[in-house]
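Below are the chains, spelled out letter by letter.
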Amino acid sequence: MARRVRKRDRLRWSLLYSFACTRPAVLADDEQTPFLQGPGYSRIVHCNQSQLHRKKPLNYSSNYISTTRYNAITFLPKALFEQFRRVANIYFLLAAIISITPVSPFNPMSMIAPLAFVVGLSMAKEALEDWRRFYQDMKVNSRKVIVHMGQGQFGYKPWQKIRVGDVVKVEKDKFFPADLLLLSSSYEDGICYVETMNLDGETNLKVKRSLEVTLALEDDEAFRDFTATLRCEDPNPNLYTFVGNLEYERQVYALDPNQVLLRDSKLRNTGYIYGVVIFTGHESKVMQNATDSPSKRSRIEKKMDKIIYILFTVLVLISLISSIGFAVMTKYDMPNWWFLEPNNTTSLYDPSKPALSGAFHMVTALILYGYLIPISLYVSIEVVKVLQATFINQDVLMYDEEIGKPARARTSNLNEELGQVDTILSDKTGTLTCNQMDFLKCSIAGVSYGVRASEVEIAAAKQLASEASGSPEHHNDEELGKDNVGFYGTSDIELANGITCMVEKSHKPPIKGFSFEDDRLMHGNWTNEPAASTILMFFRILALCHTAIPEHNEETGGFTYEAESPDEGAFLVAAREFGFEFCKRTQSSVFIREKYSPSEDPVDREFKILNLLEFNSKRKRMSVIVRDEGGQIILLCKGADSIIFDRLSKNGRLYENDTSKHLNEYGEAGLRTLALAYRMLDESEYSAWNTEFLKAKTTIGPDREAQVERVSEMMERDLILVGATAVEDKLQRGVPQCIDKLAQAGLKIWVLTGDKIETAINIGFACSLLRQGMKQISLSITNNDLLTHDANKAAKENLSMQLTNAFQMIKLEKDPDAAFALVIDGKTLTYALEDDLKNQFLSLAVDCASVICCRVSPRQKAMVTRLVKEGTGKVTLAIGDGANDVGMIQEADIGVGISGVEGMQAVMASDFSISQFRFLERLLVVHGHWCYKRIALMICYFFYKNIAFGLTIFYFEAYTGFSGQSVYDDWYMLLFNVVLTSLPVISLGVFEQDVSSEVCLQFPALYQQGPRDLFFGWYRIIGWMFNGLSASIIIFLLNIGIFYLGAFRAGGQTADLAAVGATMFTCIVWAVNVQIALIMSHFTWIQHLFVWGSVVAWYLFLAAYGLSSPTISGNAHQILSEALGPAPVYWSATLLVTAVCNIPYLVHSSFQRTFNPLDNHVIHEIKYYKKDVEDQHMWKREKSKARQKTKIGFTARVDAKIRQIRGKLQRKVSSLTIHTVS
């Protein structure tokens, strides 16, 4: 079977490709074998003999991978360590230990049980989340691959069973299970196509080739007696290099990266390959780029620890005061208190040893006043975060119906961090893009074709139309960046002279990759154009100048194309729609099916492929030399306009001015462009050049590519310009709107991609991170072949100078609308991330509106993320979809994985997963804002209520001579945090909404309350602490003042300890629950039930407790029915104290809303008075104010387009005025 496939796949690409496709020669005896011994080059692989690697000294790792934080052995110690990183838990652990001793004022179980419950619940949550990661790992480890079992027989094995040295057979569209050395493929030439999107983010196919000596290993039987030895580099994270030698049949062959297939890349457009395993599991290059799964804690949780320190300091201070007071009382007053039997003492209260008694009382006080530090805070936060995560998971507006995947909060520890993000670091391919481009416009022979408008043009037209109708405000953000079809109406909108936005409804079904509309070129009408011959050449360049392979689609009868770039695919679809269908490729020819008009029969034309000059980021162009059926040799070239224009002949510049004008217009419209040109060659000229070219191609040595480039330059000159193409990048749905909204919310967005610079820049334009008029700062260093110390030093000095010059350029810029974009490649980034330059680089990047890092490795992505996180000290979010993004996802404060169609590595390592980038808008602007404010208010309120409650215990103890007597019954104290105040605070953390989700999206500036930490800054925290302090003082003084001398009952009796304690506790329950009701902006029946139900629960408990046996209730027997209930002073005191306790908050809130209102306060008033319905003009004005000023995003781009159009209109009016006057 294998042999039949190979006969069908006869393409010898090494005869065509100009760069990096000649086969490495055998190292002759007189040549020096590369030095592959010593540190870094010690790996030995015995091919087809995997059993030799399972014992020392080799003993290579298995192919099993794990991304979990824990395992069965480490879970208990690591999870306990995580729990006791929390300061409060350490305190309660010490308190639980002390509670066993006689100095404890409480029963030991009352201290141990709550701590065990809190810690156990948190550990169970960690175990559940890690189990999910383990399950995902097992799915990967259990994938099957075909492995040589011996004697030429192959069978299936799970990935985790593969060992170094195994020969594996990978079939089309399957992932490589480990790093492999390519031995042969279904192509006779030993080449295969590989998609590396999970590694470097690129979707264009890479061509890999085997050594010529292993081509004979073409079927299963050939491996019966196959053995070889491979010596190579040790495991390392570098994806783009590989050094090794293959010893086979007594010859040594040099290996390079072109023979290596990396784990998690995919075999495409190739029937099968055979390969031998080099690196397995965590030694593979993709796993070497991964970092350990970190344990992340939110900034709020870290600040909460500091608050605990403060409260613990207060606790120690008041305990010290209490112990000193107790020691003084014990020494001077206790001998006079005969009723305490001072002669019958213990060490706990001995008048002869007051210091010792004071020390024991210190321990008692530390436990007694422990209610200052809320033990239920952590468990309440855990419950709230889990429920918040559930709401995120169930948000139908973040559910992707196409693939059936919802958003997922894979960890709930970081919910509030979503509302504090400052910088987003995003991958490009698969994250921002869906790898689809549409052919939209073109310029041929100086004439612009294509009447459909781009997204930018449509948005600008709608804005101008809105202004013309008397509504100067921006159109709805939801309309920005919609697909062209969504904007089609019934009329044209004239933008400026020569620029018209066509908005006529199209009923033609959409064609993937082709959105062009212009009857002048369609349906063969181009033959009636004045420059028909030039148009014919334009179409042939589209159909011939590429490296794609056609695949026949049996369902449609047409062809699909495997292209190296999305541009090529769009060009071929366009050529097909124009009547020039690329239908076949052989080793030496390309066949085009040409159809000039619908009434004619198609004609198959053969073009001989003589040479192929590839595209790369340095050349910025691609050429193909063909011989047509008439024997004419033609060079066809496409590339960047600046490159093509520099290579035009004098008589080839006829259309240069018009084409340049069209290119500028296309660029302003957000389209990516290429110029097309050709050159006619005579036979003698080509023969002479081809001799030089073949000589350069077969050069062996480091200067081979330079030689090929030099010879290519000789041919790619004296070109004749034909025209230009304009394609629209097809981003994922909603990406421009999402970026625009995030920019308006004040977030900075960096793009980190493994793609080449040109592609990344074009994507930047498409998603509005870049725009026309934005000044680009490109950081790059020259290519040093010999990376010596002097070369490195020179490169760093060069980069430092570039950074300094860029700083000066930004500093001297006076235009307030000027925006800067920083573009840097991976090699330059290597130097920029070194210690002596990284801070300078970061400072420059922070001053730029956009930052795009290209050709970066996964490790560099993680390093950039760490630099931004540590250098700015602000919350970073990393988002990606492939294995190459795992490092930065784990390094960032928040990692978001895209659960798309390609792999789950990013999702497995992430904290949150979404199916499309556009859902990030709702995840941050809505859920992030809500979760931050909920958690912040919840924690502040927690400390408020515990301070208000705990300090009353201290006041009463001081009032009673530091006796250690609590004013409250033990049951009251136990129920305070667990029952009477727990559910209201949980409802606050789960259901609170200062504004609705729609308002969050309409007023994106609300998001900045999180990064500015308005609700959990020290000013707010200390304010709540003072609120608790004032409440505690009011509660204590008013109750003592009311009950001190006055009669409590109708019979004239005064209140006893039980009555005072119960009344004071009632006041606390009412005060804190009324306070939380005042905090809430959004009420549901659940919140009403929890808040007022907690108050009712207190009375029910008090009644039931009083009805219980006196042995249980003690002094509280019948206290509500007989003592408190009939006493008017009890009810009046409750009402008075509750009202007075909340006066400070009401005064502060009224003052703030009057003189310094927050954005949400303004929105509340507008909504309350229904001005959003009655006064739309004011509502829209307020919406326009509620945006952070930004220089990126669709809004900024449309504003720039409008400024440009207004300038054109103004110049047009001025010229008309001058003409009229003259």
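Up top is the structure.
Everything quoted here is computed from the prediction, not taken from an experiment.

(A) Region of interest: the sheet that holds strand β7 (residues 206–209). Taken in spatial order, the three strands make up an open sheet running β7-β6-β12, and their pairing is antiparallel. Sheet topology places β7 and β12 (266–268) at the edges, where each strand pairs with a single neighbour. Ignoring which end each strand starts from, the neighbouring axes of this sheet average 45° apart. With three bridges joining them, strand β6 (residues 191–195) and β12 adopt antiparallel strand pairing. In the strand pairing of β12, Glu195 is matched with Lys266.

(B) Local environment of the pairing of strand β4 (residues 167–171). Most of β4 is tucked away: four of the five residues are buried. Pairing of strand β2 (residues 144–150) with β4 involves two bridges; the strand directions are antiparallel. What sits directly across from Ile146, in β4, is Lys169.

(C) Molecular detail of unusual backbone geometry. The residue Glu249 is not glycine, and still its phi comes out positive at about 55°. Phi is positive for Asn269, close to 55°, though the residue is something other than glycine. Judged by its relative accessible area of 7%, Asn269 is buried.

(D) The packing of helix α9 (residues 376–393) against helix α28 (residues 982–991), seen in detail. Contact pair α9 / α28: the axes reach a minimum separation of 9 Å and the direction vectors enclose 35°. When you trace α9 past α28, the crossing you get is right-handed. Taken together, the residues of α28 that come into contact with α9 (itself represented by Ser380, Val383, Val384, Leu387, Gln388 and Phe391) are Ile986, Gly989, Val990 and Phe991.

(E) The sheet that holds strand β10 (residues 251–255), seen in detail. A sheet is described by the order of its strands in space; here four strands give the open sequence β1-β8-β9-β10, paired in antiparallel fashion. Across the chains shown, the open sheet's two edge strands, defined by having one partner strand only, are β1 (43–47) and β10. The sheet shows a mean angle of 20° between the axes of neighbouring strands, direction not considered. Relative to strand β8 (residues 228–232), β1 runs antiparallel, the two being bridged by five bridges. The partner of Val45 across the bridge, within β8, is Leu230.

(F) Structural detail: the nonpolar core. Counting residues in each nonpolar core, the largest one holds 107 residues, and the members touching the most others are Tyr968, Tyr972 and Trp1098. Here this core takes 19 residues from helix α26 (residues 919–959), the largest share from any one element. Sequence-distant contacts of Tyr968, that is, excluding residues within four places in its chain, are made with Phe949, Thr952, Ile953, Met973, Gly1061, Met1064, Phe1065 and Ile1068.

(G) Structural detail: helix α22 (residues 838–847). Those residues of α22 that fall on the buried side of the exposure criterion are Phe841, Leu842, Leu844 and Ala845. Each buried residue of α22 lies within a common arc of 165° when the element is viewed along its axis, so the set occupies one face.

(H) Looking closely at the pattern of salt bridges. One pass over the structure, following the stated rule, counts 43 salt bridges. A salt bridge links Glu247 to Arg231; its shortest N-O distance comes to 2.8 Å. With Glu247 in strand β9 (residues 244–248) and Arg231 in strand β8, the pair connects residues that are 16 residues apart, well separated along the chain. The salt bridge involving Glu417 is made with Arg299; its shortest N-O contact spans 3.8 Å. Of the two residues, Glu417 is situated in the loop between β14 (408–409) and β15 (421–426) and Arg299 in helix α7 (residues 299–333); the sequence distance between them amounts to 118 residues. Since its relative accessible area comes to 25%, Arg299 is described here as partly exposed.

(I) Representation of the environment of Asp519 within the structure. Position of Asp519 relative to the elements: it lies in the loop between β19 (499–501) and α12 (532–544). The class for Asp519 is exposed, based on a relative accessible area of 56%. Each C-alpha atom, one on Asp519 and one on Gly450, is 8.8 Å from the other, the two residues being 69 residues apart in sequence.

(J) Region of interest: the state of the cysteines. A complete count under the given rule lists zero disulfides for this structure. Cys545 supplies the cysteine sulfur nearest to Cys637, a cysteine that is in no disulfide, at a spacing of 6.5 Å. The class of Cys637 is buried, set by a relative accessible area of 1%. As a non-bridged cysteine, Cys1067 has Cys1141 as the owner of its nearest cysteine sulfur, 7.5 Å distant. Using a relative accessible area of 0% as the deciding quantity, one classes Cys1067 as buried.

(K) Examining helix α15 (residues 656–668) more closely. The terminal C-alpha atoms of α15, which comprises 13 residues, lie 18 Å apart, in line with the 18 Å expected from a rise of 1.5 Å per residue. For α15, the set of buried residues is Glu656, Thr659, His662, Leu663, Glu665, Tyr666 and Gly667.

(L) Summary view of the environment of Thr1063. As for its placement among the helices and strands, Thr1063 is situated in helix α31 (residues 1057–1079). Taking the C-alpha atoms as reference points, Thr1063 and Ile1035, separated by 28 residues in sequence, lie 9.8 Å from one another. Excluding its chain neighbours within four sequence positions, the residues that come into contact with Thr1063 are Asn1039, Phe1043, Leu1124, Tyr1130 and Ala1133.

(M) Representation of the packing of α7 against α9 within the structure. Following both chains from N to C, one finds α7 and α9 inclined at 160°, their axes separated by 13 Å at the closest point. By the angle class used here, α7 and α9 are roughly antiparallel. The interaxial crossing formed by α7 with α9 has right-handed handedness. Touching Glu301, Met304, Asp305 and Ile308 of α7 are Leu377, Tyr378, Ile381 and Lys385, all from α9. Across the contact of α7 with α9, the residue classes tally to five nonpolar, no polar and three charged.

Criteria and thresholds
- Residues numbered from 1 in each chain as written.
- Predicted model: local features only at pLDDT ≥ 70, side-chain atom pairs only at ≥ 80, totals over all residues.
- Heavy atoms only, no water.
- Pairing = 2+ DSSP bridges.
- Helix = DSSP H or I, 4+ residues; strand = E, 2+ residues; numbered from the N terminus.
- Axes fitted to C-alpha atoms, helices over the stretch in contact; angles between N-to-C directions.
- Buried < 20%, exposed > 50% of the residue type's maximum accessible area, 1.4 Å probe, protein only.
- Left-handed = near helix turned anticlockwise from the far one by under 90°.
- Contact = heavy atoms within 4.5 Å.
- Core = buried A, V, L, I, M, F, W, Y, C linked by side-chain atoms within 4.5 Å.
- Arc of directions from axis to C-beta.
- Salt bridge = Lys/Arg side-chain N within 4 Å of Asp/Glu carboxyl O.
- Disulfide = S-S within 2.5 Å.
- Expected span 1.5 Å × (residues − 1).
- Parallel < 35°, antiparallel > 145°, perpendicular 65-115°, else oblique.
- Nonpolar A, V, L, I, M, F, W, Y, C, P; charged D, E, K, R; others polar.

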